[in-house]
Amino acid sequence: MVRILFLHPDLGIGGAERLVVDAALALKERGHQVSFLTNHHDSTHCFKETADGSFPVQVVGDWLPRKIFGRFYAFCAYFRMLYAAIYASFFMPQREQVDVVFCDLISVCVPVLRLARHRPRVIFYCHFPDQLLSAREGLLKRVYRAPINWLEEHTVGLADKVLLNSKFTLRVFQDTFRRLRTVPDVLYPSIHTQYFDQMEQKLQQRSTVLDETVHPRVQRNAFVYLDINRYERKKNHALALQSLRLLGDTLSAADFKRCRLIIAGGYDTRCHENVEHYAELEQLTTELDLQEHVILLRSPTDEEKCSLLHAAHCLLYTPENEHFGIVPLEGMYFSKPVVALNSGGPTETVVHSSTGFLCEKQAKSFGGAMCQLFRDEPLRLKMGEQGHKRVQQKFSFAAFADRLNGIVQDLVPAQKKLE
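Treat the numbers as computed from the prediction; the structure is a model and nothing was measured.

**Side note on the pattern of salt bridges**
The final tally for this structure, using the stated rule, is 27 salt bridges. Residue Glu 280 pairs with Arg 233 through a salt bridge whose shortest N-O separation is 2.8 Å. Taken as a pair, Glu 280 in helix H9 (residues 272-287) and Arg 233 in the loop between strand S8 (223-228) and helix H7 (237-250) lie far apart in primary sequence, 47 residues in all.

Right under this line is the structure:
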């Protein structure tokens, strides 16, 4: 047994959080001792595994500011993670010392962890270079970001093992960090299929007993398009709305009356963009005259998300150049065809014309795929079946767990493992 600490900035609801939770579940199932250390954890806005006692979760540094005068988010995030790394390295009780630290998102913590007296091995999981996620806003912003970007490049390479979420991210990583000699490995995220199997069985049993729909505004004969992603502008929810409007102009009035688009997104009141973008989508829905057809849901629970995936007929995935994208895997595992953009991670998960459609970033292309799936039920069902098989064959949780367990075992000398 190896003692493993997951060091993560904010245990909220998002793709990065889902990855670290699934990694923790995988390692726990392989018999390791797993815990979390984070700067922020809200038990009402998180994945249930971090709130139901599955893992010990310790919060440090939540009192530190997240921003200064409405700015300097990156500086504050780096400082908060440094604080957590210093605590983990020098102030954590002896009984809680670990053999491996799995950190992600912010690499500035890596050199501090290497200075710890007990010298744990450090795994850094790079979802995407942080410097590329920052908007370029002029000279002052570039001056502000320069030392942060320098720190990112030079601290990532200090980890004992660097993992990436896709071949797309690997190419971007190599183009961005040209001075690094580190050779990272790709470890595709997976989904906790055992939980999804249990939920699918539960939902099927409930549907045979209760005559209910997924939402009061969704009638029994509705055709449901589902769009799951955080309420952020880069997630491009507007494309789903514009494509739905085009679909309405293509179908007959009777057919379009059946169509519903459910956008279910992570929503945190502390994040101004979440609040602003939700309002923007409400406004766009009104401008496109889609109020009858669109439902906006905020931060659905895991059970609610499974219910949505079970009830949907098609999954829409609208971000451009997404680093990996766990949602298409979830949709395919629930036997739903996926309509995504032909860029980034989805090109490695979705097989065009087999498990869904990879489209151009235009409502005409996206809406055309939506229309085809509405009109061709045998194609939709066949794509759903092939998507489910693809997840089982290429992205299974067992394969993910075995690979991660092997990485951890290779890092830790035999004498440091607990018997």
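**Brief notes about the packing of H7 against helix H13 (residues 363-375)**
H13 packs onto H7 with a crossing angle of 60 degrees between their chain directions and a minimal axis gap of 8 Å. Comparing their axes, H13 and H7 come out oblique. Where H7 crosses over H13, the handedness of that crossing is right-handed. Contact residues: H7 offers Leu 239, Gln 242, Ser 243, Leu 244, Leu 246, Leu 247 and Thr 250, while H13 offers Ala 363, Lys 364, Phe 366, Gly 367, Met 370, Cys 371 and Arg 375.

**Topic: the environment of Gln 131**
You can see Gln 131 is positioned in the loop between strand S5 (121-126) and helix H4 (139-156). For Gln 131, a relative accessible area of 16% corresponds to the buried category. Spatially, the C-alpha atoms of Gln 131 and Arg 145 are 7.7 Å apart, while their sequence positions differ by 14 residues. For Gln 131, the residues in contact, after removing those within four places along its chain, are Arg 136, Arg 145, Asn 149, Glu 152, Thr 176 and Phe 177.

Cut-offs used in this document
Residues numbered from 1 in each chain as written. Predicted model: local features only at pLDDT ≥ 70, side-chain atom pairs only at ≥ 80, totals over all residues. Heavy atoms only, no water. Salt bridge = Lys/Arg side-chain N within 4 Å of Asp/Glu carboxyl O. Helix = DSSP H or I, 4+ residues; strand = E, 2+ residues; numbered from the N terminus. Axes fitted to C-alpha atoms, helices over the stretch in contact; angles between N-to-C directions. Parallel < 35°, antiparallel > 145°, perpendicular 65-115°, else oblique. Left-handed = near helix turned anticlockwise from the far one by under 90°. Contact = heavy atoms within 4.5 Å. Buried < 20%, exposed > 50% of the residue type's maximum accessible area, 1.4 Å probe, protein only.

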